[in-house]
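# Structural description and commentary
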Amino acid sequence: MEGNDDSSSSEDELINNNLLHALSRTAQLLQNNASSSNIQRRNTRIFSALQKFTSTIRQLAKGYNPDSLDEYLNMSERISHEALENFCYGVVQMYKVEYLRHPTSTDIQLLYETHEARYGFLGMFGSIDSTHWNWRNCPTELKDQYMKGYHQYPRIILEAVTSQYLWFWHAFYGVSGSNNDLNVFYQSPLFDEKYHGTRPDCSFYLNDEHYKHGYYLADGIYPSWAVFVMAYPYPIIEKKIRFKAAQNQQEMT
């Protein structure tokens, strides 16, 4: 138990440090952009990087409309919108090479080794699942497309596959209509690389048997394909009970 606590705390520290590093680098990027603008417009009053950064975080974290910040920051809707676009552009430019990409064959082998060491699952890519979010600030013209039955607000579904360090290997969202996880999966590009023959080598050996591709842990709504390994709904024998406990542990972490 102590080892698990130490591991969790170290992972939390890693994530927090990465987040602070990302925010500081992005703030520096905005400051550099402001400095370059100062040279071009010395006699024009401009907004500081801190003001633009505050506007951006409020829009992303709280769902503020750009026009609602004009009194608090004395910033027009156009400037708030431009600050948000520049922030997103800066994040993409900084992290697209390392994070916004598909896994390579080396990445896949590292995933296999990590999942085998931590959970005992050899050949596992990760867990696939979908999250449903309430879209409270959905534009009026789009509400009918994202309403779902008895829910009060429009909802967006995110399908994702992540590693133990919250590295999103796959993310798919924005499907309109009243959907469940299976409807979203059938529209997902998860297996496009496999279909087009461009997927890197992801084979592995288990009990002296060669397998051409890995698998995902999934719940019962997904189809019974070879790439999905699902937990037993009502395990009785010891082997199945241990398997379900290990799968639940992986999904929680």
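Residues numbered from 1 in each chain as written. Predicted model: local features only at pLDDT ≥ 70, side-chain atom pairs only at ≥ 80, totals over all residues. Heavy atoms only, no water.

Turning to the layout of surface pockets, a few remarks are in order. Each pocket or cavity is described by its volume, and for the second largest pocket that value is around 600 Å³. If one sorts the elements of the lining of the second largest pocket by residue count, helix α2 (residues 49-62) sits on top with four residues. Residue composition of the lining of the second largest pocket, grouped by class: 11 nonpolar, six polar and two charged. (1 Å grid on protein atoms, 1.4 Å probe; cavity = no way out; pocket = protein on both sides within 12 Å on 5 of 7 lines; lining within 4 Å. Points joined across faces, edges and corners; volume = space filled by probe spheres on them. Helix = DSSP H or I, 4+ residues; strand = E, 2+ residues; numbered from the N terminus. Nonpolar A, V, L, I, M, F, W, Y, C, P; charged D, E, K, R; others polar.)

Strand order in the open sheet formed by five strands is β3-β2-β1-β6-β7, with mixed pairing between adjacent strands. The open sheet has two free edges, formed respectively by β3 (168-173) and β7 (228-230), since each of these has just one partner strand. Direction aside, the axes of adjacent strands within the sheet are offset by 25 degrees on average. In this structure, strand β1 (residues 124-134) lies alongside strand β2 (residues 155-162), joined through eight bridges in antiparallel fashion. Of the residues in β2, the one forming a bridge with S130 is E159. Against the sheet, helix α5 (residues 105-119) makes contact with β1 and β3, and its axis sits at roughly 90 degrees relative to β1, the strand it touches most. (Pairing = 2+ DSSP bridges. Axes fitted to C-alpha atoms, helices over the stretch in contact; angles between N-to-C directions. Contact = heavy atoms within 4.5 Å.)

A complete count under the given rule lists one cavity of 30 Å³ or more for this structure. Here the largest cavity defines a volume of roughly 40 Å³. Looking at the largest cavity, the residues that line it are Y146, K148, R155, I156, I157, V175, G177 and N179. A total of three residues in the lining of the largest cavity trace back to one element, the largest contributor, which is β2. Taken together, the residues of the lining of the largest cavity sort by class into four nonpolar, two polar and two charged.

Turning next to the nonpolar core. Counting 21 residues, the largest nonpolar core has I128, F191, Y216 and F228 as the members making the most contacts within it. Listing elements by their share of this core, those giving two or more residues are α5, β1 and β6 (215-218). Element by element, the count of residues in this core is highest for β6, at four residues. F191 has contacts with F185, R199, Y216, W225, V227 and F228, leaving out every residue within four places of it along the chain. (Core = buried A, V, L, I, M, F, W, Y, C linked by side-chain atoms within 4.5 Å. Buried < 20%, exposed > 50% of the residue type's maximum accessible area, 1.4 Å probe, protein only.)

Once that is clear, we can look at the confidence of the model for the chain. This prediction gives the chain a mean pLDDT of 77; 79% of its residues lie at or above 70. Per-element mean pLDDT across the chain ranges from 53 in helix α1 (residues 2-40) up to 90 in helix α7 (residues 181-186). For residues 1-5, every residue scores under 50 in pLDDT, and the model assigns this stretch zero contacts once sequence neighbours within four places are set aside. (pLDDT = per-residue confidence, 0-100.)

Moving on, we get to the side chain of Q59. One can find Q59 in helix α2. Relative accessible area serves as the criterion here: at 9%, Q59 is assigned to the buried category. Among the polar contacts made by the side chain of Q59, one reaches the main-chain carbonyl oxygen of S80 at a distance of 3.1 Å. The residues touching Q59, leaving out its near neighbours within four places in the chain, are Y64, P66, L69, S80 and L84. (Polar contact = N/O pair within 3.5 Å; in protein donor to acceptor, adjacent residues only side chain to side chain.)

Relative to each other, α2 and helix α4 (residues 77-95) sit at 80 degrees, their axes nearing to 9 Å. By the angle class used here, α2 and α4 are roughly perpendicular. Residues K52, F53, S55, T56, I57, Q59 and L60 of α2 pack against S80, A83, L84 and F87 of α4. Of the residues belonging to the contact of α2 with α4, the class tally is six nonpolar, four polar and one charged. (Parallel < 35°, antiparallel > 145°, perpendicular 65-115°, else oblique.)

Glancing now at a nonpolar patch on the surface. Where nonpolar side chains cluster on the molecular surface, the patch consists of V92, Y99 and L100 and spans about 260 Å² of accessible area. In this fold, L100 is placed in the loop between α4 and α5. (Patch = residues over 30% accessible without salt bridge, like charges linked within 9 Å, V, L, I, M, F, W, Y side chains within 5 Å. Areas by Shrake-Rupley, 256 points an atom, 1.4 Å probe, with all protein chains shown as cover. Salt bridge = Lys/Arg side-chain N within 4 Å of Asp/Glu carboxyl O.)

Moving on, we get to unusual backbone geometry. Comment: phi is negative for the bulk of residues other than glycine, and the bulk of peptide bonds are trans. Phi angles above zero are rare outside glycine, and N207 is one such case at about 55 degrees. Positioned with a positive phi, D208 is a non-glycine residue whose angle comes to about 65 degrees. Structurally, D208 is set in the loop between β4 (204-206) and β5 (209-211).

This brings us to α5. Here α5 contains 15 residues, and its C-alpha end-to-end distance of 21 Å stays within 8% of the 21 Å for a straight helix at 1.5 Å per residue. The set of residues buried in α5 consists of D107, I108, L111, Y112, H115 and Y119. Along α5, the residues classed as buried sweep out an arc of 140 degrees about the axis, all on the same side. Facing away from the buried side of α5 by over 90 degrees, the exposed positions are T106, E113 and A117. Immediately beyond the C-terminal end of α5, within one or two residues, lies G120, with a positive phi of roughly 85 degrees. (Expected span 1.5 Å × (residues − 1). Arc of directions from axis to C-beta.)

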